[in-house]
Amino acid sequence: MTVADISALLETLRGIVGNRHMTSDPAEMALRLVEDRGLFTGTAHAVVRPATTQEVADCVRHCAKAGVPVVPQGGNTGVAGGGVPDGAVVLVTDRLNRIHDMDALNGTMTVGAGCILADLRQAAAKADRLFALSLSSEGSCQIGGNLATNAGGSNVLRYGNARNLCLGLEVVLPDGRVWNGLSGLRKDNTGYDLKNLFIGAEGTLGIITAATLKLHPRPRREETAFLGVPSAEAALAVYDRLRAAHADTLSMFEYIERFCLETVLRHLPDACDPMEDTHAAYVLVELAGLDADADLAARLETTLAEAIEAGELSDAVIAQSLSQRQSLRALREDMSEAQKALGGNAKHDISVPVSRLSDFIRVAVPACQKEIRGLRPFVFGHFGDGNLHFNMIQPVDMSRVDFEARAKDLHRVVNDIVADFGGSISAEHGIGLLKRDALRRYKDPVALDLMARIKALLDPINIMNPGKVL
Ligand code: FAD
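These figures come from a predicted structure and were not determined experimentally. (Residues numbered from 1 in each chain as written. Predicted model: local features only at pLDDT ≥ 70, side-chain atom pairs only at ≥ 80, totals over all residues. Heavy atoms only, no water.)

A. Expanded view of the overall build of the chain. A tally of regular secondary structure across the chain gives 16 helices and 19 strands. Rg of the C-alpha trace for the chain: 23 Å, near the compact-globule value of 23 Å for 470 residues, within the 12% margin. Taken along the three principal axes of its C-alpha coordinates, the chain extends 75 × 55 × 45 Å. Counting across all 470 residues of the chain, residues that qualify as buried make up 52%. Accessible area for the chain stands at about 20,800 Å²; split by element, carbon and sulfur atoms hold 50% of it. For the chain, the centre of its 49 positive side-chain charges and the centre of its 59 negative side-chain charges are spaced 5 Å apart. (Helix = DSSP H or I, 4+ residues; strand = E, 2+ residues; numbered from the N terminus. Rg over C-alpha atoms; globule rule 2.2 N^0.38 Å. Buried < 20%, exposed > 50% of the residue type's maximum accessible area, 1.4 Å probe, protein only. Areas by Shrake-Rupley, 256 points an atom, 1.4 Å probe, with all protein chains shown as cover. Lys, Arg positive; Asp, Glu negative; His and termini not counted. Charge placed at Lys NZ, Arg CZ, Asp CG, Glu CD.)

See below:
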């Protein structure tokens, strides 16, 4: 494309979204060209912020005609480089931020893709409903991005991930057509499930412009406990016990190793260790019940006492007030931020069958430490979903540069073990640019072939977020 062609395209896009909602100024675009950890930096011709589905469709159609790639972005909190452009037009969805419909009786809300997740949770609460998706980044990530990455978070155990919370979608396709699949139906067996093609596709098949989301009754009582456990194996035994006793109400089971807790305690100025003694690991547990009178706390205490009796649990603290609950939650929520201070970090967002979690840790930690002596394992995550943030922090006596040069070797060691355990190399954050090469190594070849054919069918000229995932 010539410079004149690009200028003509940008003028057309400016005409569609309005002068105030498009920029090609490098300084104004800067934050849209990098991902959260700064691992990837890209280039863009412009950033556009359309306000309606029609404007999105018009922008995409003109970009397709000019052969210029389009990269959708929501809150840009993704950590796999999926939103980083490479000579593209970045299309930001933040102005598609309207709640179109709230149907409390049907248990649905239909919303624009640019709605901030925390705002949607609040809107649902106002209607006396729960929108169950909850992530530490919920103050800035957008529902379109959440669906495009099939986000998980802390409530997956009870309510499922973004895919399970979505009933319908509206999508602008790479040729500029609009697929209206917005539907609040629980039952609809009229052919292929197109919606699930776009969920988790990381913007490679189309731009999600709106979604119909599933709401749940709002819990009337919540109990939060912080548990000290002697090992990951013991944490699994406690998990099994809690599931048996509280299956209907167990909404969170988050595993935290001692080094992670120490790090977050240093990071949070007002935080203190909830327990007097130190333990190998901890679990943040939440129960959420619909019955306001049910004495969840008493039931939880009974189960925990049985776990102590059985030697699975060393200590337990149950929050006695909202502020105590928030302090306990903060220990988990600030984990991602706290680890930044430790230096180089080889991150692995993996899953294995829940029953194999402790065996995985037992095998994978020494394998990593054999690869790089002095590595500091920083292991925490959504234990109840079989999903670990299996992060390896650089040794104290190694430079960050030297460590980062070795990160690839570590990824290989971890991913090979994940494959041996029948797991997934990406449980939450997606593939983006970060894991594209690894996907080729670990994904079933037939699945990869099908994915490539679907991409070619929907996007034959490869303008929709090219180079990501596949
Ligand atoms: P972006 O980062 O803007 O985009 C992510 C991907 O989706 C890109 O490939 C982009 O091209 C595509 N995309 C964005 N919008 C659209 C759209 N409308 N249509 C089509 N494609 C689109 N993730 C979890 O799953 N669980 C967690 O617990 C979690 N915790 C986090 C905590 C922190 C502190 C941070 C920084 C991130 C965390 N994440 C977590 C990762 C991130 O927040 C999620 O992936 C989130 O869903 C991304 O939403 P976003 O709006 O920021 O999307």
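B. Structural detail: the nonpolar core. Within the largest apolar cluster, 50 residues are counted, with the highest numbers of intra-cluster contacts made by Phe253, Tyr255, Phe360, Ile361, Phe383, Leu388 and Phe390. Listing elements by their share of this core, those giving two or more residues are strand S12 (221–229), helix H8 (232–246), strand S13 (250–257), strand S14 (281–289), helix H10 (296–309), helix H13 (357–371), strand S19 (387–393) and helix H14 (400–420). Apart from the residues within four sequence positions on either side, Phe390 is in contact with Ala346, Lys347, His348, Ile350, Phe360, Ala364, Val365, Cys368, Phe378, Val379 and Val414. Judged by nonpolar contacts, the second largest core, of 32 residues, contains Leu120, Leu135, Cys166 and Leu215. (Core = buried A, V, L, I, M, F, W, Y, C linked by side-chain atoms within 4.5 Å. Contact = heavy atoms within 4.5 Å.)

C. Seen up close, the packing of aromatic side chains. What the rule picks out here adds up to 9 aromatic pairs. Ring geometry for Tyr239 and Phe253: centres 5.1 Å apart, planes at 65 degrees, overall edge-to-face. Taken together, the residues Tyr239 in helix H8 and Phe253 in strand S13 connect sequence positions 14 residues apart. Assigned by exposure class, Tyr239 and Phe253 land together as buried. Their ring planes at 75 degrees and their centres at 5.7 Å tell us that Phe259 and Phe378 sit as a pair that is edge-to-face. (Phe/Tyr/Trp six-rings, centres within 6.5 Å; stacked < 30°, edge-to-face > 60°.)

D. Main features of the sheet that holds strand S5 (residues 99–103). Here we have 5 strands laid out as an open sheet, ordered S5-S6-S10-S8-S9, and antiparallel in their pairing. Across the chains shown, the open sheet's two edge strands, defined by having one partner strand only, are S5 and strand S9 (178–181). In this sheet, adjacent strand axes meet at a mean angle of 10 degrees when their direction is disregarded. Relative to strand S6 (residues 108–112), S5 runs antiparallel, the two being bridged by 4 bridges. (Pairing = 2+ DSSP bridges. Axes fitted to C-alpha atoms, helices over the stretch in contact; angles between N-to-C directions.)

E. Here's a closer look at the environment of Ile256. One can find Ile256 in strand S13. Ile256 sits in the buried class, given a relative accessible area of 0%. Separated by 211 residues in sequence, Ile256 and His45 have C-alpha atoms that sit 43 Å apart. Residues in contact with Ile256, not counting those within four places in the same chain, are Phe226, Leu261, Ala281, Tyr282, Arg332, Met335, Val379 and Phe380.

F. Just unusual backbone geometry, in detail. Unusually for a residue other than glycine, Asp128 sits at a positive phi of about 60 degrees. One can find Asp128 in the loop between helix H4 (117–126) and strand S7 (129–130). The phi dihedral of Asn150 falls on the positive side, at around 45 degrees, and the residue is not glycine. Within the element layout of this structure, Asn150 appears in the loop between helix H5 (143–148) and helix H6 (156–159).

G. Examining H14 more closely. Across its 21 residues, H14 extends 30 Å between first and last C-alpha, which sits within 8% of the 30 Å expected from 1.5 Å per residue. Of all the bends in H14, the greatest measures close to 40 degrees and is centred on Arg406. Along H14, the positions that sit buried rather than exposed are Phe403, Ala407, Leu410, Val413, Val414, Asn415, Ile417 and Val418. Of the surrounding elements, those touching the buried residues of H14 are strand S16 (345–346), strand S17 (349–351), H13, S19 and helix H15 (436–442). One or two residues past the end of H14 sits Gly422, with phi positive at roughly 70 degrees. (Expected span 1.5 Å × (residues − 1). Bend = angle between axes of the 7 residues up to and from the residue.)

H. Region of interest: a nonpolar patch on the surface. Where nonpolar side chains cluster on the molecular surface, the patch consists of Tyr192, Leu194, Leu197, Val446, Leu450 and Ile454 and spans about 590 Å² of accessible area. Among the elements that make up the nonpolar patch, the one with the highest residue count is helix H16 (residues 445–458) (3 residues). Along the chain, Tyr192 falls in the loop between S9 and helix H7 (195–198). Assessed through its relative accessible area of 79%, Tyr192 is described here as exposed. (Patch = residues over 30% accessible without salt bridge, like charges linked within 9 Å, V, L, I, M, F, W, Y side chains within 5 Å. Salt bridge = Lys/Arg side-chain N within 4 Å of Asp/Glu carboxyl O.)

I. Up close: the pairing of S6. Most of S6 is tucked away: 5 of the 5 residues are buried. Here S6 shows no split at all, with Thr108, Thr110 and Gly112 on one side and Met109 and Val111 on the other all buried.

J. Spatial organisation of the sheet that holds strand S3 (residues 70–73). Spatially, the 4 strands line up as an open sheet ordered S1-S2-S4-S3, and their pairing is mixed. Each edge of the open sheet is held by one strand with a lone partner, namely strand S1 (22–23) and S3. Most of the contacts of helix H1 (residues 3–17) go to strand S2 (residues 43–48), to which it runs at about 25 degrees, and overall it touches S1, S2 and strand S4 (86–92). Set on the sheet, helix H3 (residues 53–66) makes contact with S2, S3 and S4; between it and S4 the angle comes to about 165 degrees.

K. Structural view of the packing of H1 against H3. At a minimum axis distance of 10 Å, the contact between H1 and H3 shows a crossing angle of 170 degrees. In terms of orientation, H1 lies roughly antiparallel with respect to H3. The residues of H3 that touch H1, namely those facing Leu9, Thr12, Leu13, Ile16 and Val17, are Glu55, Asp58, Cys59, His62, Cys63 and Ala66. Residue composition of the contact of H1 with H3, by class: 7 nonpolar, 2 polar and 2 charged. (Parallel < 35°, antiparallel > 145°, perpendicular 65-115°, else oblique. Nonpolar A, V, L, I, M, F, W, Y, C, P; charged D, E, K, R; others polar.)

So yeah, pure geometry; function would need other evidence.
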